[in-house]
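# Tertiary structure, described
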Amino acid sequence: MLSDPLLQKLTTDQNIMPTKLAIIGAGSVGATIAYACLIRGVAKSIVLYDTNPAKVTAEALDLNHGLQFVPMATLDGSADVEICRDADVVVVTAGAKQKPGQSRTDLAAANTAICKDLVPRILNVAPNATFLLVTNPVDVITHVTLKISGLPRPRVFGSGTVLDSSRFRFLIAKRLKVAVQNVHAHIAGEHGDSEIPLWSSAHVASVPLHAWAVPGHGKLTVRDRTEIFQNVKTAAQQIIEGKGATNYAIGLATVRILEALLHDESRVLPVSSLLTNYQEIDDVCLSVPCIVNRAGVEPPLPIPLNPAELAGLRNSAETIKVTLRAVGF
Ligand code: NAD
């Protein structure tokens, strides 16, 4: 809901859904999501909330100084959760991040504790919000948020393997010398070490990857596939070792999810959502391609899986459950 009358009039005139987006955590990821949201005109009102007042004030100031160059919007930042009042969508990036050599699951206890404190406070001011979780380990944090919020399943989901899938597509596109937009391939399961590549359904412009052998564009050998998937799995560590955080690609991936949600696109995305009796996987959040629209996340699609992929997906679900149990869920 927008309080600014000018913005209200503009959104009504242009038939744009008036949307307030709250981003929790103004660190590398939260600030970059805000920046990408502004550039792409995703929401008319964006607020940043962070417990570090100096950081959130500085990020909001810097972003405000660019407002002249982006689609009409307002942006505010505060260390008071009140700034999130009446938000339609809440993106959570608050919490500890991986240090070099740390895995995402090493963050589980600290970020679950943050989530348990944060989610009720946000719900108190924004009871109608849909939650999009980015904080790692994202499948665990999505599950914890769903359980402690009591919100319906469609309104709580995580960025999941949208980022991993875009890394996957980029590497396939590079090897085959085709545009990344023509590559359709998903990473499913955990956003983490047990994730799996869905090679059997991957295709380039409807040519299945296993049948792809195009002069001048090569084909993928078993070794290529192994290298590509290994590269997807280690990409975050490589970036963290070089610059301390990953931010640009997750910023853009999150904006793509927000566009699907706020623009009611019904776009298929491998987000992390609660699976119930899906391929014998139950009561765990992980990524399988799902339709995302204004109502939130729909149940997972019946994607084709070969026996190895199915076993990999079930193994990934068990891996996430081990971490969930360790943090008391
Ligand atoms: P960062 O340290 O730069 O920022 C985290 C921010 O959260 C800090 O500014 C901190 O003050 C704030 N914060 C901590 N506790 C808070 C609370 N209770 N309320 C409000 N704000 C709070 O970290 P980052 O690089 O921005 O990463 C943030 C998270 O995103 C990490 O968990 C990281 O692993 C995760 N991440 C996820 C993906 C993904 O694909 N899901 C990709 C990249 C990073």
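To be clear, the structure that these remarks concern was listed above.
My aim in this report is to walk through the structure given alongside it, one point at a time. Given the structure is predicted, the values throughout are model-derived calculations rather than measurements.

## Overview of the overall build of the chain
A count of helical and extended segments in the chain gives nine helices and 16 strands. For 329 residues, the compact-globule formula gives about 20 Å, and the C-alpha radius of gyration of the chain, at 20 Å, lands near that figure. Seen along its three principal axes, the alpha-carbon backbone of the chain occupies a region of about 55 × 45 × 35 Å. Residue burial in the chain is summarised as follows: out of 329 residues, 52% are buried. Within the chain, contacts between residues separated by at least 24 positions form 71% of all contacts whose residues are at least 6 apart in sequence.

## Points about the sheet that holds strand S15 (residues 290-293)
If you trace the three strands from one edge of the open sheet to the other, you get S12-S15-S16, paired in antiparallel fashion. Each edge of the open sheet carries a strand with a single partner, namely strand S12 (267-269) and strand S16 (296-297). In this structure, S15 lies alongside S16, joined through two bridges in antiparallel fashion. Along S16, the bridge assignment pairs Val 292 with Val 297.

## Let's talk about the pattern of salt bridges
Taken as a whole and judged by the stated rule, the model has eleven salt bridges. One salt bridge connects Glu 59 with Lys 55, and the closest N-O pair in it is separated by 2.8 Å. Note that Glu 59 and Lys 55 are positioned in helix H3 (residues 53-64) at a spacing of four residues, about one turn of the helix. By relative accessible area, Lys 55 is classed as partly exposed at 31%. Ionic pairing is found between Glu 259 and Arg 256, a salt bridge with its closest N-O pair at 3.8 Å. Taken together, the residues span about one helical turn, with Glu 259 and Arg 256 both in helix H8 (residues 248-262) at a distance of three residues.

## Some thoughts on the sheet that holds strand S7 (residues 183-184)
Strand order in the open sheet formed by three strands is S7-S10-S11, with antiparallel pairing between adjacent strands. Two strands lie at the open edges of the sheet, namely S7 and strand S11 (207-208), each paired on one side alone. In the sheet, S7 pairs with strand S10 (residues 203-204) via two bridges, with the strands oriented antiparallel. Pairing of Val 183 across the sheet is with Val 204, part of S10.

## Details of the pairing of strand S4 (residues 89-92)
Of the two faces of S4, the one carrying Val 89 and Val 91 and the one carrying Val 90 and Val 92 are both buried. Pairing of strand S1 (residues 20-24) with S4, which is carried by four bridges, proceeds in the parallel orientation. From the neighbouring strand, Ile 24 faces S4, where its bridge partner is Val 92. Note that S4 and strand S5 (residues 130-133) share four bridges and pair parallel.

## Overview of the pairing of strand S2 (residues 45-49)
Extensive coverage of S2 is indicated by the burial of five of its five residues. Burial along S2 is two-sided: Ser 45, Val 47 and Tyr 49 facing one way and Ile 46 and Leu 48 facing the other are all buried. Relative to S2, S1 runs parallel, the two sharing five bridges. Residue pairing for S2: Ala 22 is matched across the bridge by Val 47. Read as a crossover between parallel neighbours, the route from S1 over helix H2 (residues 28-40) to S2 is right-handed. Relative to strand S3 (residues 74-78), S2 is paired through five bridges, and the arrangement is parallel.

About the cut-offs
- Residues numbered from 1 in each chain as written.
- Predicted model: local features only at pLDDT ≥ 70, side-chain atom pairs only at ≥ 80, totals over all residues.
- Heavy atoms only, no water.
- Helix = DSSP H or I, 4+ residues; strand = E, 2+ residues; numbered from the N terminus.
- Rg over C-alpha atoms; globule rule 2.2 N^0.38 Å.
- Buried < 20%, exposed > 50% of the residue type's maximum accessible area, 1.4 Å probe, protein only.
- Contact = heavy atoms within 4.5 Å.
- Pairing = 2+ DSSP bridges.
- Salt bridge = Lys/Arg side-chain N within 4 Å of Asp/Glu carboxyl O.
- Right-handed = clockwise from strand over helix to strand, strands pointing away.

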